[in-house]
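# Topology and contacts: notes
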Amino acid sequence: MQYWSHKPWIQEVAIAVMLKAVILIGGPQKGTRFRPLSFEVPKPLFPVAGVPMIQHHIEACAQVPGMQEILLIGFYQPDEPLTRFLEAAQQEFNLPVRYLQEFAPLGTGGGLYHFRDQILAGGPEAFFVLNADVCSDFPLSAMLAAHRHQPHPFLLLGTTANRTQSLNYGCIVENPQTHEVLHYVEKPSTFVSDIINCGIYLFSPEALKPLRDVFQRNQQNGQLCLPLGEDSSGQWRGAGTIRLEQDVFSALAGQGQIYVHLNDSIWSQIKSAGSALYASRLYLGQYQLTHPERLAKHSPGGPRIRGNVYIHPTAKVAPSAVEHTCVLHSIVGWGSTVGRWARVEGTPNDPNPNDPRAHMDSESLFKDGKLLPAITILGCRVRIPAEVLILNSIVLPHKELSRSFTNQIIL
């Protein structure tokens with residue numbers, strides 16, 4: 001596109017910048033810690049703060065100037081819920097939102113390489129890559145500004161964690177002056193750095209070349225049957241399976257290709273139902289500024305609203321619910337009911353509020369054969385009668401309880 005300045009001898013050219021975004025949504029072989037919630041809806045569509053988990057990602061991408069297309073890559077079947085979501089997202093954001101289904105689970109980088117032609121179609125300046133299972137304020141515009149100031153193939157979003165919890169994430173050693181990633185280790189066994197990988201990236205088109213090198217090396221390893229082509233179980237992973245963290249970031253660190261952009265705002269992984277509850281609280285806290293229309297408000301004859309609350313339009317909350325029913329640190333599935341004077345309560349696994357660098361710990365259901373205290377989950381269409389206590393328990397769908405339960409999985 002050309003335009004002319006008011007001085008007739010000077011011609012200026014405005015270059016239209018085009019960007020894309022890729023959201024990695026995984027597949028049904030993942031998200032097992034989301035059960036029984038993932039029985040009813042794929043994990044990427046599970047509501048977090050009132051909207052599907054990946055809608056937060058799409059909203060952030062749609063706000064970036066120059067965004068032309070958003071691609072979802074994963075191994076889920078394109079069923080009706082996913083198709084309906086894609087159609088609704090395209091209408092709401094007036095932006096192409098497409099799903100690209102992998103022929104097999106290809107890891108965090110395999111899908112990027114497999115669908116490289118679709119990603120690079122139209123010649124984007126760069127493309128964002130976001131893991132679906134993260135909660136963040138998504139500082140994409142700040143990352144884009146940093147990339148344009150200092151262009152490199154890979155830009156990673158990083159945040160800080162305490163020494164103990166950093167072992168659960170990809171750890172980044174940076175040059176504090178240039179922010180180049182000098183060393184990268186995925187889930188190290190000993191302390192490496194307090195800067196961790198947020199699973200949010202900005203790649204230039206050149207970033208796909210190292211993925212091609214990994215693919216070709218995997219092919220050679222498979223043909224030669226070398227151990228390098230095997231995973232931890234000793235089985236061949238397939239040439240198309242590429243792990244961004246281990247195969248690319250660890251290999252290229254210190255070679256002037258990977259840089260980190262530090263962010264000190266909200267961020268959390270969403271690996272389990274408990275972390276989804278915490279992520280909802282983080283997003284609800286931001287809604288006062290970003291989406292005040294989503295927060296519930298007092299209405300005549302309605303329930304009293306305390307704090308930041310989202311109530312789905314189809315949910316019914318009796319005006320007496322505050323006085324006569326208690327649901328605390330719990331997730332109540334679709335179509336479930338809780339009787340009068342009943343108490344449904346779980347134990348949160350929130351980060352230490354006294355440590356600003358603390359994050360959610362990885363949750364395990366069992367320890368020494370015993371169910372650990374955690375949030376309570378009611379599957380869909382569960383009926384809780386009046387005057388019972390459900391504490392630290394998981395109730396599978398379509399159950400009608402008749403008594404109290406504590407620290408149990410009710411099949």
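Note that the coordinates shown come from a computational prediction; the quantities given were computed from them, not determined experimentally. Every chain is numbered independently, its residues counted from 1 as its sequence is written. Note on the predicted model: pLDDT of at least 70 is required for a residue's local features to be given, and 80 or more for side-chain atom pairs to be given and counted; whole-chain, interface and lining totals, by contrast, use all residues. Calculated side-chain values reflect all of the structure's heavy atoms, with hydrogen atoms and water omitted.

### With respect to the overall build of the protein chain
- When helices and strands are tallied, the protein chain shows nine helices and 27 strands.
- Within the span of the protein chain, comprising 411 residues, buried residues form 46% of the whole.
- We call two residues contacting when some pair of their heavy atoms lies within 4.5 Å. Relative to all contacts within the protein chain whose residues are 6 or more apart in sequence, the contacts with residues 24 or more apart total 66%.
- What sets the accessible areas is the Shrake-Rupley method with a 1.4 Å probe; for residues, cover comes only from the shown protein chains. For the protein chain, the exposed area adds up to about 20700 Å²; of that, 53% sits on carbon and sulfur atoms. The way it works is that DSSP assigns letters per residue, a run of H or I at least four long becomes a helix, a run of E at least two long becomes a strand, and they are numbered from the N terminus. For each residue, the accessible area found with a 1.4 Å probe, counting protein chains only, is set against the maximum for its type, and the residue is called buried under 20%, exposed over 50%, and partly exposed in between.

### Some words on the side chain of Q55
- The topology assignment puts Q55 in helix α1 (residues 53-62).
- Those residues in contact with Q55, other than ones at most four positions away along the chain, are F85, E92, F93 and R294.

### A short note on the sheet that holds strand β25 (residues 394-395)
- Only strands joined by at least two bridges in the DSSP assignment are considered to pair. Pairing within the open sheet is parallel, and its four strands lie in the order β17-β22-β25-β27. Two strands close off the open sheet at either side, each with one partner strand: β17 (330-332) and β27 (409-410).
- Examined bridge by bridge, strand β22 (residues 376-378) and β25 share two bridges and lie parallel to one another. Paired with L378 across the bridge in β25 is V395.

### Comments concerning the environment of S404
- Relative to the helices and strands, S404 is located in the loop between β25 and β26 (405-406).
- For S404, a relative accessible area of 34% corresponds to the partly exposed category.
- Taking the C-alpha atoms as reference, S404 lies 5.0 Å from V388; in sequence the two are 16 residues apart.
- Once residues within four sequence positions are removed from consideration, S404 is found in contact with V388, L389 and I390.

### Considerations on the nonpolar core
- What is meant by a nonpolar core is a set of buried Ala, Val, Leu, Ile, Met, Phe, Trp, Tyr and Cys residues, joined one to another through side-chain atoms within 4.5 Å. Membership of the largest hydrophobic core comes to 63 residues, with the highest contact counts inside it found for M67, I70, L72, F128 and L140.
- Looking at this core element by element, the count peaks at eight residues for helix α8 (residues 273-290).
- Contacts of F128, omitting those with residues within four sequence positions, involve K20, A21, V22, V64, M67, L140, M143, L144, Y201 and L202.
- Residues L24, L71, I172 and L244 belong to the second largest nonpolar core, which totals 31 residues.

### Notes on the sheet that holds strand β24 (residues 389-391)
- Spatial ordering of the open sheet is given by β16-β19-β24-β26, a layout of four strands whose pairing is parallel. The sheet is open, and its two borders are formed by β16 (326-328) and β26, each paired with just one other strand.

### Looking at the packing of aromatic side chains
- Side-chain rings of Phe, Tyr and Trp, where Trp is taken by its six-membered ring, are said to pair if the distance between their centres is within 6.5 Å; with planes under 30 degrees apart they count as stacked, over 60 as edge-to-face, and otherwise as tilted. Applying the stated criterion across every chain yields a total of ten aromatic pairs.
- For the pair Y113 and F215, a centre-to-centre distance of 5.1 Å together with 35 degrees between the ring planes defines the contact as tilted. Of this pair, Y113 sits in helix α3 (residues 107-114) while F215 is found in helix α6 (residues 208-224), placing the two residues 102 residues apart along the sequence.
- Overall, Y113 belongs to the buried group, its relative accessible area being 10%.

### Observations concerning the packing of α1 against helix α2 (residues 80-93)
- To get an axis, fit a line to the C-alpha atoms, keeping to the stretch in contact for a helix; angles then go from 0 to 180 degrees between the N-to-C directions. One way to put it is that α1 packs onto α2 with a least axis distance of 11 Å and a crossing angle of 30 degrees. Judged on the interaxial angle alone, α2 and α1 are roughly parallel. Handedness of the α1/α2 crossing: right-handed. Where α1 approaches α2, its residues I54, Q55, I58, E59 and A62 are matched on the opposing element by F85, A89, E92 and F93.
- Tallied by class, the residues present in the contact of α1 with α2 amount to six nonpolar, one polar and two charged. Reported orientations rely on four angle classes, namely roughly parallel under 35 degrees, roughly antiparallel over 145, roughly perpendicular from 65 to 115, and oblique for the rest. What makes a crossing left-handed is the near helix being turned counterclockwise from the far one by less than a right angle; a clockwise turn instead makes it right-handed. Residues are grouped as follows: Ala, Val, Leu, Ile, Met, Phe, Trp, Tyr, Cys and Pro are nonpolar; Asp, Glu, Lys and Arg are charged; every other residue, Gly included, is polar.

### What to know about α1
- The element α1 is extensively covered by neighbouring structure, given that nine of its ten residues are classed as buried.
- Three or more residues of α1 are buried, namely M53, I54, Q55, H56, H57, I58, E59, A60 and C61.

### Observations regarding the pattern of salt bridges
- Criterion for a salt bridge: a side-chain nitrogen of Lys or Arg within 4 Å of a carboxyl oxygen of Asp or Glu. In the structure shown here, the tally under the stated rule is eleven salt bridges.
- When the shortest N-O distance is used, the salt bridge between R212 and D213 registers 3.7 Å.
- E345 is the salt-bridge partner of R343, the closest N and O atoms lying 2.6 Å from each other.
- One salt-bridge network, held together by shared partners, links K20, E69 and R98.

### What to know about unusual backbone geometry
- In this structure, N392 takes a positive phi of about 50 degrees despite not being glycine.
- Within the secondary structure, N392 sits in the loop between β24 and β25.
- For N392, a relative accessible area of 8% translates into the label buried.

### Some remarks on the confidence of the model for the protein chain
- The predictor attaches a confidence to each residue, called pLDDT, with possible values from 0 through 100. The predicted model of the protein chain averages 85 in pLDDT, with 86% of residues at 70 or higher.
- Taken element by element, the protein chain is modelled with least confidence in strand β2 (residues 11-13), mean pLDDT 39, and with most confidence in strand β8 (residues 126-131), mean pLDDT 98.
- Note that residues 1-15 has pLDDT below 50 and, in this model, ten contacts with residues that lie over four places away or in other chains.
- Below pLDDT 50 for its whole length, residues 226-236 participates in 13 contacts with residues either more than four positions away or in separate chains.

### Points about helix α5 (residues 140-149)
- Listed as buried for α5 are L140, M143, L144 and H147. For α5, the buried positions fall inside an angular range of 100 degrees around the axis, keeping them on one side.
- Structurally, α5 contributes buried residues whose contacts are with β3 (19-26), α1, β8, β10 (154-160), β13 (195-203) and β14 (258-262). Here the arc refers to the set of directions running from the helix axis out to each C-beta atom.

### Structural notes on the environment of A273
- With respect to the element layout, A273 can be found in helix α8.
- A residue is classified by how much of its surface remains accessible, and A273, at 2% relative accessible area, is buried.
- In this structure the C-alpha to C-alpha distance between A273 and S330, which are 57 residues apart in sequence, comes to 9.1 Å.

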